[in-house]
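# A closer look at the structure
One letter stands for each residue in the lines below.
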Amino acid sequence: MKTIEITSLQNDLVKYALKLQEAKFRKKEKLILVDGAQTLEGFIQDKIQFKYLFLKKDNPLFERAIVENVVFVNDEILKKISTTKTPTDAVGIIEEPKEDLNSFLKLNKIALIDGIKDPGNLGTIIRSAAAFSIDGIILFNDCVDLYNSKTIRATAQNIFKLPIIRIKDIEFIEQFKKTHKLISTVVDSDMDFSKCNFSNKFIIAFGSEADGISDEIRKISDEKITIKMDNNVESLNLGVCASIVFASIRKK
């Protein structure tokens, strides 16, 4: 573990950390900026390795972390590089997990998220998927940035507890059709999701609240299911909808 001390906002490493808040640059560097004591504490408990950990000298957090470089900074720098409005105790930089497509094909219970735009909803879905033993998540089409700071916080430190891959190629999804049943959640099906058989390998697909399941996924779906509701409620929040389905699958 290497230690560095920085006191200037003009330091190159401070500028680098600040630039990681930009999605395009973050994706190019394949690094993730994470902040907040609670978030970092969760990652430390899960033994996630930090490339850099920025914090003040009196913060003992680094003593329990797996970290390559500890960077001692002041409050001014922490405020500058943090994504939160309230003061934060620490900011970390983590390498983005590698996506292993071949291993993903071997998973049994998969959730596919089609074109989701809201980071809070995506974070909730990831959290619920981890809670109810979904094996992995596919982000299909133009989804919100997986490592958006709002998404990470909404996962409540669960973002690394299951594999997540990002796919725009429908041919990759079609490969699963040889071994998995593709089930799409829609608003206009006569089949109630509670009657669906989840005993074999499957992909359960959810569309965005605005647009629903894309035509690409609809066309190749084996089944289309709907969560039936009472009292003339037209729809549910996407994160709530996914959580209900995941919990039901776990009971079966």
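### What to know about the overall build of the protein
Summing up its helical and strand segments, the protein has ten helices and eleven strands in all. Principal-axis analysis of the C-alpha atoms gives the protein an extent of 65 × 40 × 30 Å. Counting across all 252 residues of the protein, residues that qualify as buried make up 49%. Sequence-distant contacts, at least 24 apart, represent 74% of the contacts inside the protein between residues at least 6 apart. Counting only carbon and sulfur atoms, one obtains 46% of the accessible surface of the protein, whose full area is about 13100 Å². One finds the centroid of the 38 positive side-chain charges in the protein at a distance of 2 Å from the centroid of its 36 negative side-chain charges.

### Some points on the sheet that holds strand β1 (residues 2-5)
A sheet is described by the order of its strands in space; here five strands give the open sequence β1-β4-β3-β5-β2, paired in mixed fashion. Of all the strands in the sheet, the pair left with one neighbour each is β1 and β2 (31-35). Neighbour-to-neighbour, the strand axes of this sheet turn through a mean angle of 20 degrees, independent of strand direction. Summarising the sheet, strand β3 (residues 49-55) and strand β4 (residues 66-72) pair through six bridges and their orientation is parallel.

### Examining the layout of surface pockets
Considered as a void within the structure, the largest pocket measures approximately 540 Å³ in volume. As for the largest pocket, its lining consists of 23 residues, of which T185, V186, V187, S235 and C241 are closest to the centre. Broken down by secondary-structure element, the contributors of at least two residues to the lining of the largest pocket are β10 (202-207) and α10 (238-251). The class makeup of the residues in the lining of the largest pocket is ten nonpolar, seven polar and six charged.

### With respect to the packing of aromatic side chains
Aromatic ring pairs are defined here through the distance separating the ring centres and the angle between the ring planes. Using the criterion set out here, one finds eight aromatic pairs in the structure. Residues Y16 and F25 carry aromatic rings whose centres are separated by 5.5 Å and whose planes lie at 80 degrees to one another, so their mutual orientation is edge-to-face. Judged by relative accessible area, Y16 falls into the partly exposed class, the value being 23%. An aromatic cluster is present here, built from F43, Y147 and F160 joined pairwise through their rings.

### Notes on empty space enclosed by the protein
Scanning the model with the defined rule gives one cavity of 30 Å³ or more in all. Each pocket or cavity is described by its volume, and for the largest cavity that value is around 30 Å³. Lining the largest cavity, in full, are L33, V34, D35, T39, S149, I152 and R153. Of all the secondary-structure elements, those providing two or more residues to the lining of the largest cavity are β2 and α7 (149-154). Split by residue class, the lining of the largest cavity holds three nonpolar, two polar and two charged.

### A word on the pairing of strand β9 (residues 181-185)
Summarising burial for β9: four of the five residues are buried, a large majority. Where β9 and β10 come together, four bridges link them in parallel fashion. The residue of β10 that forms the bridge with K181 is F202. Pairing of β9 with strand β11 (residues 223-225), which is carried by three bridges, proceeds in the parallel orientation. Bridged to S184 within β11 is K224.

### Topic: helix α1 (residues 12-19)
One full turn of an α-helix is made of 3.6 residues, so residues set three or four places apart face in the same direction. Of the positions making up α1, those classed as buried are L13, V14 and A17. What you see down the axis of α1 is that its buried residues fit within an arc of 105 degrees, all on one side. Turning to α1, the residues buried within the fold contact β1, β2, β3, β4, α4 (75-81) and β5 (90-95). You can read the cap of α1 off the contacts: a side-chain oxygen lies 2.8 Å from the backbone nitrogen of L13, and it is on N11.

### Here's the deal with a nonpolar patch on the surface
Residues M229, L236, V240 and I244 make up a contiguous nonpolar surface patch of about 270 Å² in total accessible area. Its place among the elements puts L236 in the loop between β11 and α10.

### Re the environment of F104
Note that F104 resides in helix α5 (residues 101-104). The spatial distance from the C-alpha of F104 to the C-alpha of G136 is 7.5 Å, given a sequence separation of 32 residues.

### A closer look at the pattern of salt bridges
Within this structure, the stated rule accounts for 16 salt bridges. A salt bridge links K56 to D75; its shortest N-O distance comes to 3.2 Å. Of this pair, K56 sits in the loop between β3 and β4 while D75 sits in helix α4, and the two are 19 residues apart along the sequence. Overall, K56 belongs to the partly exposed group, its relative accessible area being 29%. In this structure, K181 and E223 form a salt bridge, with 3.4 Å as the shortest nitrogen-oxygen distance. With K181 in strand β9 and E223 in strand β11, this residue pair connects regions lying 42 residues apart in the sequence. We classify K181 as partly exposed; its relative accessible area is 23%. Because the salt bridges share partners, they merge into one network encompassing R26, E96, E99, D145 and R166.

Here is what the cut-offs are and how they apply
- Residues numbered from 1 in each chain as written.
- Predicted model: local features only at pLDDT ≥ 70, side-chain atom pairs only at ≥ 80, totals over all residues.
- Heavy atoms only, no water.
- Helix = DSSP H or I, 4+ residues; strand = E, 2+ residues; numbered from the N terminus.
- Buried < 20%, exposed > 50% of the residue type's maximum accessible area, 1.4 Å probe, protein only.
- Contact = heavy atoms within 4.5 Å.
- Areas by Shrake-Rupley, 256 points an atom, 1.4 Å probe, with all protein chains shown as cover.
- Lys, Arg positive; Asp, Glu negative; His and termini not counted.
- Charge placed at Lys NZ, Arg CZ, Asp CG, Glu CD.
- Pairing = 2+ DSSP bridges.
- Axes fitted to C-alpha atoms, helices over the stretch in contact; angles between N-to-C directions.
- 1 Å grid on protein atoms, 1.4 Å probe; cavity = no way out; pocket = protein on both sides within 12 Å on 5 of 7 lines; lining within 4 Å.
- Points joined across faces, edges and corners; volume = space filled by probe spheres on them.
- Nonpolar A, V, L, I, M, F, W, Y, C, P; charged D, E, K, R; others polar.
- Phe/Tyr/Trp six-rings, centres within 6.5 Å; stacked < 30°, edge-to-face > 60°.
- Arc of directions from axis to C-beta.
- Polar contact = N/O pair within 3.5 Å; in protein donor to acceptor, adjacent residues only side chain to side chain.
- Patch = residues over 30% accessible without salt bridge, like charges linked within 9 Å, V, L, I, M, F, W, Y side chains within 5 Å.
- Salt bridge = Lys/Arg side-chain N within 4 Å of Asp/Glu carboxyl O.

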